[in-house]
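Chain by chain, the residues run as shown.
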Amino acid sequence: KASAGTTSSYVPVNYQEGSFTIQVGAFSNRENAERLKRKLNRSYKNVHITTYYDGYDTFYRVRVGICSTLEEAEANEKIIIKNGYKNAFAIAVDK
């Protein structure tokens, strides 16, 4: 809360630039994630698995690429979907 006589400035968040990737799948079984990673490695660069624990279960998220803009990530998402991975989606990389 700003004091009387002072102003606070709002700095908007830039949602268009940063680090983005495309998530192609998420599995509770690590071997399923590894299998998809091997398959994607044949066609895409920077295929990687990230681990997420929600407090109950661990999920292995298979992701492709690193993009510096949302526009680039969305373009890659469309290519991946066109190539048969219909549930792929662009996502901001966790910091």
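Just above, that's the structure.
Cut-off values and rules
Going along each chain's sequence as written, the residues are numbered from 1 onward. Local features in this predicted model are restricted to residues of pLDDT 70 or higher, and side-chain atom pairs are both shown and tallied only at a pLDDT of 80 or more, whereas totals for entire chains, interfaces and linings draw on every residue. Where side-chain values are given, they derive from all heavy atoms of the structure, hydrogens and water being excluded. Here a salt bridge means any side-chain nitrogen of Lys or Arg lying within 4 Å of a carboxyl oxygen belonging to Asp or Glu. Helical segments are the DSSP runs of H or I of at least four residues, strand segments are the runs of E of at least two, and each set is numbered from the N terminus. Using a 1.4 Å probe on the protein chains alone, a residue whose accessible area is under 20% of its type maximum counts as buried, one over 50% counts as exposed, and one in between counts as partly exposed. We call a set of buried residues a nonpolar core when its members are Ala, Val, Leu, Ile, Met, Phe, Trp, Tyr or Cys and they connect through side-chain atoms within 4.5 Å of each other. We call two residues contacting when some pair of their heavy atoms lies within 4.5 Å. N or O atoms within 3.5 Å of each other form a polar contact, as long as, within protein, one can give a hydrogen and the other can take it, and as long as residues adjacent in sequence are counted only when both atoms are side-chain atoms.

## Some thoughts on the pattern of salt bridges
Logical step 1: Per the stated rule, a full pass over the model turns up two salt bridges.
Logical step 2: Measuring nitrogen to oxygen at the nearest pair gives 3.0 Å for the salt bridge that ties E34 to R30. In this pair, E34 and R30 both sit in helix 1 (residues 30–41), four residues apart, roughly one turn of the helix.
Logical step 3: Taking relative accessible area as the criterion, R30 reaches 37% and is therefore assigned partly exposed.

## Some words on the nonpolar core
Logical step 1: If you look at the biggest cluster of nonpolar residues, it comprises 18 residues, and the most contacted ones within it are V24, L40, Y44, V62, V64, I80 and Y85.
Logical step 2: Counting residues per element, the ones that place at least two in this core are strand 1 (17–27), helix 1, strand 2 (47–53), strand 3 (58–69) and helix 2 (70–82).
Logical step 3: Of the residues forming this core, the biggest block, four residues, is contributed by strand 3.
Logical step 4: With near-sequence residues (within four places) excluded, V62 lies in contact with I22, Q23, V24, G25, F27, A33, L36, K37, L40, V47, H48 and I49.

## Section: the environment of A26
Logical step 1: Looking at the secondary structure, you find A26 in strand 1.
Logical step 2: On the basis of relative accessibility, which here comes to 44%, the residue A26 falls in the partly exposed class.
Logical step 3: It is 6.2 Å that separates the C-alpha atoms of A26 and F59, two residues lying 33 residues apart in sequence.
Logical step 4: Dropping the residues within four chain positions of it, A26 is found in contact with Y60 and R61.

## Quick notes on the side chain of R63
Logical step 1: Inspection of the secondary structure puts R63 in strand 3.
Logical step 2: At 3.1 Å, the side chain of R63 forms a polar contact with the side chain of Q23.
Logical step 3: What R63 contacts, discounting residues up to four positions off in sequence, is T21, I22, Q23, N46, V47, H48, T50 and I91.

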